[in-house]
Amino acid sequence: MSRRGPLKSAVPSNVVSPVRRCSRTACGRPAVATLTYVYADSTAVLGPLATYAEPHCYDLCAEHSERLTAPRGWEVVRLADTSAPSRPSGDDLEALANAVREAARPQQRTAQSGGGNARGADPMEVARRGHLRVLRSPDS
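The model shown is predicted, which means the values in this text are computed figures rather than measured ones. Throughout this description, residue numbers start from 1 for each chain and increase along the sequence as written. The predicted nature of this model means local features are confined to residues of pLDDT at least 70 and side-chain atom pairs, given and counted, to a pLDDT of 80 or more, with totals for whole chains, interfaces and linings taken over all residues. To get the side-chain values, take all heavy atoms of the structure and skip hydrogens and water.

Novice: How should I be thinking about the nonpolar core in this particular structure?
Specialist: As a rule of thumb, soluble globular proteins bury nonpolar side chains together. What we call a nonpolar core is a set of buried Ala, Val, Leu, Ile, Met, Phe, Trp, Tyr and Cys residues that are connected through their side-chain atoms within 4.5 Å. Burial classification: accessible surface area is computed with a 1.4 Å probe over protein chains only, and a residue below 20% of its type maximum counts as buried, one above 50% as exposed, and the rest as partly exposed. Judged by nonpolar contacts, Cys22, Cys27, Ala33, Leu35, Ala44, Leu46, Leu60, Cys61 and Leu68 together constitute the single largest core of nine residues. Sequence-distant contacts of Cys22, defined by excluding residues within four places in its chain, comprise Cys27, Arg29, Pro30, Ala31, Asp59, Leu60, Cys61 and His64. Any two residues whose heavy atoms approach within 4.5 Å are treated as being in contact.

Novice: What should I look at first to understand the side chain of Ser65 in this one?
Specialist: Looking at the element boundaries, Ser65 is found in helix α1 (residues 62–66). Given the relative accessible area of 9%, Ser65 is considered buried. Those residues in contact with Ser65, other than ones at most four positions away along the chain, are Val32, Ala33, Leu46, Leu60 and Arg78. For the purposes of this entry, the term helix denotes a DSSP run of H or I that reaches at least four residues, the term strand denotes a run of E that reaches at least two, and both are numbered from the N terminus.

Novice: Could you clarify how one ought to interpret the pairing of strand β1 (residues 33–38) in this entry?
Specialist: Two faces, one strand: in a regular strand the side chains alternate between the faces of the sheet. Any two strands between which DSSP finds at least two bridges are classified as paired. Across six bridges, the pairing between β1 and strand β2 (residues 43–48) is antiparallel. Residue pairing for β2: Thr34 is matched across the bridge by Gly47. Linkage of β1 to β2, two consecutive antiparallel strands, is achieved through a turn of four residues, within which Ser42 is found at a positive phi near 50 degrees. In terms of strand pairing, β1 meets strand β3 (residues 58–60) through three bridges, oriented antiparallel. If you follow Leu35 over to β3, its bridge partner there is Tyr58.

Novice: Before we go on, may I ask you to explain the packing of aromatic side chains in this structure?
Specialist: Two descriptors summarise a pair of aromatic rings, namely the distance from one centre to the other and the angle between the planes of the rings. Two rings belonging to Phe, Tyr or Trp (six-membered ring only in the last case) form a pair when the distance between their centres is within 6.5 Å. Interplanar angles under 30 degrees mark stacking, angles over 60 mark edge-to-face geometry, and anything in between is tilted. Under the defined criterion, the tally for this structure stands at four aromatic pairs. Plain terms: the ring middles of Tyr37 and Trp74 are 5.9 Å apart, the flat faces sit at 85 degrees to each other, and that makes the pair edge-to-face. Of this pair, Tyr37 sits in strand β1 while Trp74 sits in the loop between α1 and β4 (75–78); the two residues are 37 residues apart in sequence, bridging distant segments of the chain. Between Tyr39 and Trp74, the aromatic rings sit 5.8 Å apart at their centres with planes inclined by 85 degrees, giving edge-to-face as the arrangement. One end of the pair, Tyr39, is in the loop between β1 and β2; the other, Trp74, is in the loop between α1 and β4, with 35 residues separating them in the sequence. Classification of Tyr39 by relative accessible area gives exposed; the value is 60%. Among the aromatic residues, those joined into a ring-pair cluster are Tyr37, Tyr39, Tyr58 and Trp74.

Novice: I'm lost on the sheet that holds β3 in this one. Help?
Specialist: Pairing between sheet strands relies on hydrogen bonds along the backbone, with the strands arranged either parallel or antiparallel. With mixed pairing, the four strands of this open sheet are ordered in space as β3-β1-β2-β4. Both outer strands of the open sheet, β3 and β4, are each paired with one neighbouring strand and no more. Averaged over neighbouring strand pairs, the angle between their axes works out to 25 degrees when direction is ignored. Only the stretch in contact is used when a helix axis is fitted, and all axes are lines through C-alpha atoms; the angle between N-to-C directions ranges over 0 to 180 degrees.

Novice: It is not clear to me how the environment of Cys22 should be interpreted in this structure. Could you clarify?
Specialist: Relative to the elements of secondary structure, Cys22 occurs in the segment before β1. Between the alpha carbons of Cys22 and Cys61 there is a distance of 5.1 Å; along the sequence they are 39 residues apart.

Novice: How do you make sense of unusual backbone geometry when you look at a structure like this?
Specialist: Excluding glycine, a negative phi dihedral is what most residues carry, and trans is how most peptide bonds are arranged. Positive phi is not limited to glycine here, since Ala26 has a value of about 65 degrees. Looking at the element boundaries, Ala26 is found in the segment before β1. Backbone geometry at Ser42 places phi at a positive 50 degrees, although glycine is not the residue there. The topology assignment puts Ser42 in the loop between β1 and β2.

Below, the structure written as structure tokens:
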């Protein structure tokens, strides 16, 4: 009696990659867009990569999605990827800088400005340190 090791398959097993690949023949690049044909309207719709691989849709890499052309008489509709985070504009960065500057300024006490309540406008506020406030319990 001979002891055999674990059974081995005669067909080598390839590990399936979780990354979806371009549907074009001989292209192994990762897919970034999904192509769908709407035959009734003679339209090819190219949009962001679909959540699930559909049998009647084609996943394309960046190069093939940029070079996509449709048959004569057909229209190509390219949908923008709205899920991608947009780059901040100059206005966004300026607003962020202004908010940081405002938070860094020393807090003006209402007692110094002539207000009657030295603790601020909120009667529940007991103390303040920077942007943190200590509040009185609503029961007392």
